[in-house]
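# What the coordinates show
What follows is the residue order along each chain.
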Amino acid sequence: MRTELKINGKSHVVDVEPRKSLLDCLREDLRLVGAHAGCEHGVCGACTVIVDGTPVRSCLMLAVQAEGSEVVTIEGIAPAPGELSILQDAFCETHGMQCGFCTPGMILAAHALLRDNQEPTREEIVEAISGNICRCTGYDQIIEAVALAARRMRGRNAPDQVSA
Amino acid sequence: MKPAAFDYIRAKSAAHASALLAEDENGRIIAGGQTLMPMLAMRLARPSRLIDVARISELSYIRDEKDKISIGATTRQVMVEKSTLIAKRLPLLHKAIEWVGHPPTRARGTVGGSLANSDPAAEISLVAATLGATLRYVDETGENSISTDEYFIGPMITALPATACLAGADFPVWSEKRVGTGFEEVNARSSDFAFVSAAAQAALDADDKCARIALGIGGLGDFPVRVDIDAAKDQIEKESAVREAIAEAIADIEPLADLHATAEYRQRVAVTLAYRAVRNAVREAKELAYAN
Amino acid sequence: MSAAPRKFRYISSDRRVLEDRRFVVGKGNFVADIVRPNMKHVALVFSPHPAARIVKVDGSEALKMPGVQYVLAGDELAAAIQPMPNGMPTPEVKRYPLAVGQARYVGEWIAAVVADTRALAEDAAEKVKVEYEPLPFVVDGKEAFKKDAPPVHPAHGSNILLDKTFVWGDVEGDFAASPRKISFSQKWGRSSTVPIETFGVIAEWDAWREVLDVWASIQMPKYADQIAGSMRLPMNAVRVHQDVDVGGSYGVKRGIKQTVLVCYLAKKLNMPVRLIEDRLDNMRGGDAHGPERNFDVEIAFDDSGIIRSMKMEALDNVGAYAGRSPFQLGKPIGAIVGPYKIKSVQYRAIAVTSNKTVQEAVRAFGQSPTNYTIERALDEVAWALNLDRLEVRRRNFIQPHEFPYLIPSGTTYDSGDYPGLVNKVAKHADLDAVYAERDRLRAEGLLAGVGFASCLEPSGGNSAFEPLLNRQNKTTTWMDSCRIAVDALGTITATMHTTSAGQGHETLVATVVGEALEIAPEKIRVSRAHTLDVMPSNSPVGSRMAIMLGGAAFHAANKLKHKMMTIAAHDLGVSLDDLVWNEGTVSGKKNPDQKLTWNDIVLIAHRHYYRMPEDMEPGLTTQHVMQVPNGGKLPTDDDRIQMYPCFSFEFHVVLMSIDPDIGKPEFRRYVIGHDCGTVINPKIVHGMTMGGIAHGIGAALLEEFAYDDQGQLLTQSFMDYLLPSAHEVPKIEAVHQVTPSPLTVFGQKGSGESGYLGAPAAISSAINDALRPLGIKMNSLPLKITKLGDAIAAARAKEAKQ
Ligand code: FES
Ligand code: FES
């Protein structure tokens, strides 16, 4: 089925079977492999992408259902090749990962949180990433990364801060 | 874990969806897909055709209609969660909604989808049953409605006609001034379906007497039920009286037993949760002594 | 032995982990990300029966489906390959990637379908007709052990793979001389590490070059050897690409059956073939379950709580095939007394087959269940004597001055300061306040308890349990390697020779090489060689890489440094002893003007042969193959062995409450003290410890591969097998101590399994403390809410009757 998708600001036309999930379409047809398949039944969050501004599970959505929506994947987060977003950099600073498999989903979930909430509490961070299972870290350094990024983002926007 | 092949078509309206269902008995409606997609992936559901209603914008709304709040079937759960109208006028649903999955599933999941799939432990269904919501649907005969008392008939089974497309749910709003709510559930992880859950809404009069009490229990039997504890209305703050009334009211329900919880567990804990929900609802109503 | 930590330049400093950059942008190189031209996909047909004779497999309908390339059943495969290695001297327990003749558990793979896409393969797999004749089966381990139990492998004659009793020291004498004895039984439930990435593998056969290329999410020693063996290929025809990033493993990513299956298909069809397990394949048929162990224990002790002797019987239900499971009963022998001075031990290790999914190596390789049982023993002794549980631990601890300490089973512990760390944690946690909080919670009507666990993490992995449990196996070499090359432009590339699953090995190598050469680790590239370019290595198992890969990298770097200094000495015409190394520049001790910079030496080594010492190889490439410290000996005739060389220590204090009406346990406080010697990268060690605790929380409270009495696996998906989310893991306070190992280059010990070694024990301890007022104890894991709720209700009902 011919489907037009808007991914990371660019339009793509793909021809997919209706049964294909958005996840498989991103990975196989568009070769955007940052979204990962952990369970394919909606529990682990490894496949998280942002659809129309909200993090969703791309395994629980058909590619054909995404027509007309704005999809952002992890590949659309870094400002330029070799340059990290504040949040991505914070994940590196705290080592908010180990194997990296859950990481794109985590970052997208946290990305959406920080867009709406510049001063999240620990509980709010926990809630925002609670749909994303990480088997490696026990979440501590992930939570720390999100809190650090929030601080840095506030610092960047504060008028009395000189940005480097 | 890939679904078996199916056709896909986007419905333009509830009536269109119903007509498409009438064309093909193996057709199935998809909205948010948060329940259906895993079933498709595991090939537990094998529709010949998926009829997508998610884009029917006329089915996505939250409307204040004085004595009731109307919610369109394709309204995303996150919209209910964020709605100030719901928070104010339908506090029980407001409390329950954050127990539904987690943020990414609430972003896609719809109110109608949850009601249509009718999991015995689904929170939205529980609130609908507790408050006695009316469900509206469209089939080849036109617009119809059904009360939740008749709607829920089994685990993942409803009385919705085979060719019907759910259009919305009307949740009654209580007119009393002092209305409190309580919602309790036990689950292994906060995003999982409940082993048992309870929802209560209580109205007190100016003398702190219970004017009205609604109580519902989910996860205990095949579907969420409203339980009548009017017997304890006059002693609503007396734990033993309330517990007794609850125990009596659920005595006939055949409790589910599965990997997650024994029948005894569900039966025992249902009473505790229901009691706590009532207690919290009454407490909350009491705090509203001078609010209005 | 607790020496003051040494000063380091990069080691122990809080530096970033080099691997992280690629992961935060979604540019990891996971196996499912790799696409080969014309690649085909595998889906599996699995057994719905716990035991059945396979009468017929008919793939004819499936073959007619669109896009289908092939349908493979067990008989064809078995005839073409060697059975997979078994490890134990049990030749009749044969294992193949697809069942041959008989299905032995629900989920076992019966046939494989190859098609153009996974979806088409799944469509066709539904059309494969298998005719079964159901057979008697057994799912419970204790039942399977009984003489009349239906044998899972009839040719083997019984379900017993291992039943061996070890006696170290005068157990009967010590029991007779002890005034007090207690006994208890408990069970460690079947769970596993369950990485978020399933196992996946791609194989491609190049018939012209005669090379089999393999990409896999593997974490396994001797992977290429096993592929070559099973496929009957020379080992230099197997090229495993070790630069694949592995999406979590913690022991289980050992998909040899998956690999052999795919390799056979790739070669047979002459097409690249991949199998990426889906979650259902993985949970029921991926052969990656963990230990399931019944313990029966007797303890002999005196009135002051000193434990004199212990008898432990561990019966492990290994599932349908041998796998690594029997050996997971062997490793704990190297720390069978935990951190305690127990003089004598009797240990009976029993491994039985049953009609359940096969086990694989799980984080700590069997040590966590054993620790759970040792710690329960300490609690029981304290409760029997009405003593403080921590005091009893203190009285039994091996003391800091007693290291190196030889335990009865023949292993010497390298170093440790157990009371020191316990005291630090007690002080940080303020134990009086913890108890006061427990009592306050109890006064509120909740059940509340404090739990402790003081546990060892044996590290520097070895396979000494293999010759111990299987005398035919005389392998005592267990090496790891590193090669360092300085190129003609002076930049450094180090290679490691195994895959990596999130443990930060590239950072480890860069940090160690940087430390040795005094060069910033960020400037060093680390690559993971494929197996045709490989040095001998045994992969990250048994918390060994900091010790083994770190050690190999250190020695290779020192060899490089030595070579560069030798070149400088020759060129400058001075003796080696008169030179010093300073960040890569070599200069005279007395005359600092006499010097060669890094680039000068690189130039000589790569371009100016005439300036080189005679007979020295040009270029700057060095390497080191490191053997496990203290390893290498066979077991003695009386079954004593040095298991692992180094012993990290962790101490958990947990405060929990339980709502008695519901049964839901809640964490109120969680403090861990951790000592793994010198820490190479604090971020990595911290993360592993936190992740290990989270995994332990899962094993203790949530996770179980549960079977019904019909042998059906009830928890096949993430909806039923419950991994802890961020909500279920509390904020954890960490306290550190450094007791360096005398056996390693920087004093480091392992930490890859930390947290998991003690968390289940501590949680069980806290819950049993909470239940004490009701007079009940829980004797199994996981402690699911409803199990607790039902037990509490029963106890209260009994109380009400009295
Ligand atoms: S892969 Fe989508 S939630 Fe797990
Ligand atoms: S980093 Fe491995 S699963 Fe999260």
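Residues numbered from 1 in each chain as written. Chains lettered and ligands numbered in written order. Predicted model: local features only at pLDDT ≥ 70, side-chain atom pairs only at ≥ 80, totals over all residues. Heavy atoms only, no water.

## Here we look at the side chain of T498(C)
Residues and elements named next belong to chain C. Looking at the secondary structure, you find T498 in the loop between β20 (492-496) and α16 (505-517). In this structure T498 comes out as buried when scored by relative accessible area, which is 2%. Those residues in contact with T498, other than ones at most four positions away along the chain, are Q242, R528, S537, S539, P540 and M545. (Helix = DSSP H or I, 4+ residues; strand = E, 2+ residues; numbered from the N terminus. Buried < 20%, exposed > 50% of the residue type's maximum accessible area, 1.4 Å probe, protein only. Contact = heavy atoms within 4.5 Å.)

## Looking at the sheet that holds strand β5 (residues 68-72) of chain B
All names here are of chain B. Read from one edge of the open sheet, 5 strands run β4-β5-β10-β6-β7, paired in antiparallel fashion. Two strands close off the open sheet at either side, each with one partner strand: β4 (62-64) and β7 (142-147). Going across the sheet, the axis of each strand differs from the next one's by a mean of 25°, ignoring polarity. Direction of pairing for β4 relative to β5: antiparallel, over a ladder of 3 bridges. The residue of β5 that forms the bridge with R63 is S70. Running at roughly 60° to strand β6 (residues 134-139), helix α1 (residues 14-23) makes contact with β6 and β10 (165-172) of the sheet. (Pairing = 2+ DSSP bridges. Axes fitted to C-alpha atoms, helices over the stretch in contact; angles between N-to-C directions.)

## Focus: the interface of chain A and chain C
Opposite the 47 residues of chain A that make contact, chain C presents 52 residues. Together, the buried faces of chain A and chain C total about 4100 Å²; carbon and sulfur atoms form 56% of this surface. Together, H95(A), Q98(A) and R135(A) form the three largest contributors to the area buried by chain A at its contact with chain C, with a combined 19%. The tally of links from chain A across to chain C stands at 7 salt bridges. For K683(C), the salt bridge identified is with E93(A), shortest N-O distance 4.0 Å. (Buried area = accessible area lost by both parts, 1.4 Å probe. Salt bridge = Lys/Arg side-chain N within 4 Å of Asp/Glu carboxyl O.)

## Topic: the packing of aromatic side chains
As enumerated under the stated definition, the model contains 24 aromatic pairs over all chains in all. When the ring of W99(B) is compared with that of F183(B), the centres are 6.3 Å apart and the planes differ by 40°; the resulting orientation is tilted. On the criterion of sequence distance, the pair formed by W99(B) in the loop between α5 (91-97) and α6 (103-108) and F183(B) in strand β11 (residues 178-186) is long-range, its members being 84 residues apart. Taking relative accessible area as the criterion, W99(B) reaches 25% and is therefore assigned partly exposed. By relative accessible area, which is 7% here, F183(B) ends up buried. Measuring from centroid to centroid gives 4.4 Å for Y413(C) and F647(C), while their planes differ by 40°, and the two rings are tilted. (Phe/Tyr/Trp six-rings, centres within 6.5 Å; stacked < 30°, edge-to-face > 60°.)

## Topic: the interface of chain B and chain C
Chain B puts 25 residues into the contact, and the matching count from chain C is 29 residues. Between chain B and chain C, roughly 2300 Å² of surface is buried when both sides are summed, and carbon and sulfur atoms account for 54% of that area. On the chain B side of the contact with chain C, M1(B), R189(B) and L259(B) bury the most area, a combined 29% of that side's loss. Here chain B is connected to chain C by 7 salt bridges. With a closest N to O distance of 2.7 Å, E126(C) and R46(B) form a salt bridge. At the junction of chain B with chain C, the criterion picks out 18 residue pairs in polar contact (both at pLDDT 80 or more). Tallying contributions element by element places helix α11 (residues 263-287) of chain B first for the side of chain B that touches chain C, with 6 residues. (Polar contact = N/O pair within 3.5 Å; in protein donor to acceptor, adjacent residues only side chain to side chain.)

## Thoughts on helix α12 (residues 389-396) of chain C
All names here are of chain C. Turning to α12, its buried residues are R389, L390, V392, R393 and N396. Around the axis of α12, the buried residues are gathered within 160° of arc, so they sit on the same side. Capping the start of α12 is the job of one residue whose side-chain oxygen sits 3.1 Å from the backbone nitrogen of L390: D388. (Arc of directions from axis to C-beta.)

## Concerning the domain arrangement of chain C
Residues and elements named next belong to chain C. Taken domain by domain, chain C comprises domain 1 (34-135 + 196-248 + 254-285), domain 2 (293-464 + 634-801) and domain 3 (479-626). Its C-alpha centre places domain 1 at a distance of 41 Å from the equivalent point of domain 3. Counting residues at the interface gives 19 residues for domain 1, matched by 17 residues for domain 3. Here domain 1 meets domain 3 over a buried area of about 1400 Å², counting both sides, of which 51% is carbon and sulfur. The interface formed by domain 1 and domain 3 holds 1 salt bridge in total. With a closest N to O distance of 3.2 Å, D245 and R528 form a salt bridge. At the surface where domain 1 touches domain 3, the tally comes to 12 residue pairs in polar contact (both at pLDDT 80 or more). Take the side of domain 1 that touches domain 3: its biggest share by element is 4 residues, from strand β11 (residues 238-241). Grouping the constituent residues of the side of domain 1 that touches domain 3 by class yields 9 nonpolar, 5 polar and 5 charged. (Domains from an automatic or database assignment. Nonpolar A, V, L, I, M, F, W, Y, C, P; charged D, E, K, R; others polar.)

## Quick notes on the packing of α16(C) against helix α17 (residues 545-572) of chain C
A packed helix pair is summarised by two numbers, namely the angle formed by the two axes and the spacing between the axes. All names here are of chain C. Interaxial distance between α16 and α17 falls to 8 Å at its minimum, and their mutual angle equals 35°. When you trace α16 past α17, the crossing you get is right-handed. Judged by residue contacts, H505, L508, V509, V512, V513, A516 and L517 of α16 engage M545, A546, L549, G550, A553, F554, A557, N558, L560 and K561 from α17. Counted by class, the contact of α16 with α17 contains 13 nonpolar, 3 polar and 1 charged residues. (Left-handed = near helix turned anticlockwise from the far one by under 90°.)

## Topic: the pattern of salt bridges
Applying the stated criterion across every chain, the model contains 97 salt bridges over all chains. With a closest N to O distance of 2.8 Å, E522(C) and R15(C) form a salt bridge. In this pair, E522(C) is assigned in the loop between α16 and β21 (525-528) and R15(C) in the segment before α1 (20-24), connecting sequence segments 507 residues apart. Judged by relative accessible area, E522(C) falls into the partly exposed class, the value being 45%. Linked by salt bridges that have partners in common, E17(A), R19(A), R43(B), R46(B), R118(C), E122(C), D123(C), E126(C), D278(C) and D281(C) make up one network.

## Focus: the environment of I492(C)
Residue and element names in this part refer to chain C. Looking at the element boundaries, I492 is found in strand β20. Separated by 31 residues in sequence, I492 and K523 place their C-alpha atoms 7.5 Å apart. For I492, the contacting residues outside a window of four places in its chain are I484, A485, V486, L517, I519, K523, I524, R525 and W598.

## A look at the side chain of T507(C)
Residues and elements named next belong to chain C. Within the secondary structure, T507 sits in helix α16. The exposure class assigned to T507 is buried, which follows from its relative accessible area of 2%. At a separation of 2.6 Å, a polar atom in the side chain of T507 contacts the side chain of E19. Sequence-distant contacts of T507, defined by excluding residues within four places in its chain, comprise R16, V17, L18, E19, N681 and I684.

## Observations regarding the packing of helix α7 (residues 223-231) of chain C against helix α8 (residues 256-269) of chain C
Residue and element names in this part refer to chain C. Where α7 contacts α8, the two axes come as close as 10 Å, and the packing angle between them is 50°. Taken as axis vectors, α7 and α8 run oblique relative to one another. Judged by the sense of rotation from one axis to the other, the crossing of α7 with α8 is right-handed. Touching Y223, Q226, I227, S230 and M231 of α7 are I256, T259, V260, C263, Y264 and K267, all from α8. Considering only residue class, the contact of α7 with α8 consists of 7 nonpolar, 3 polar and 1 charged. (Parallel < 35°, antiparallel > 145°, perpendicular 65-115°, else oblique.)

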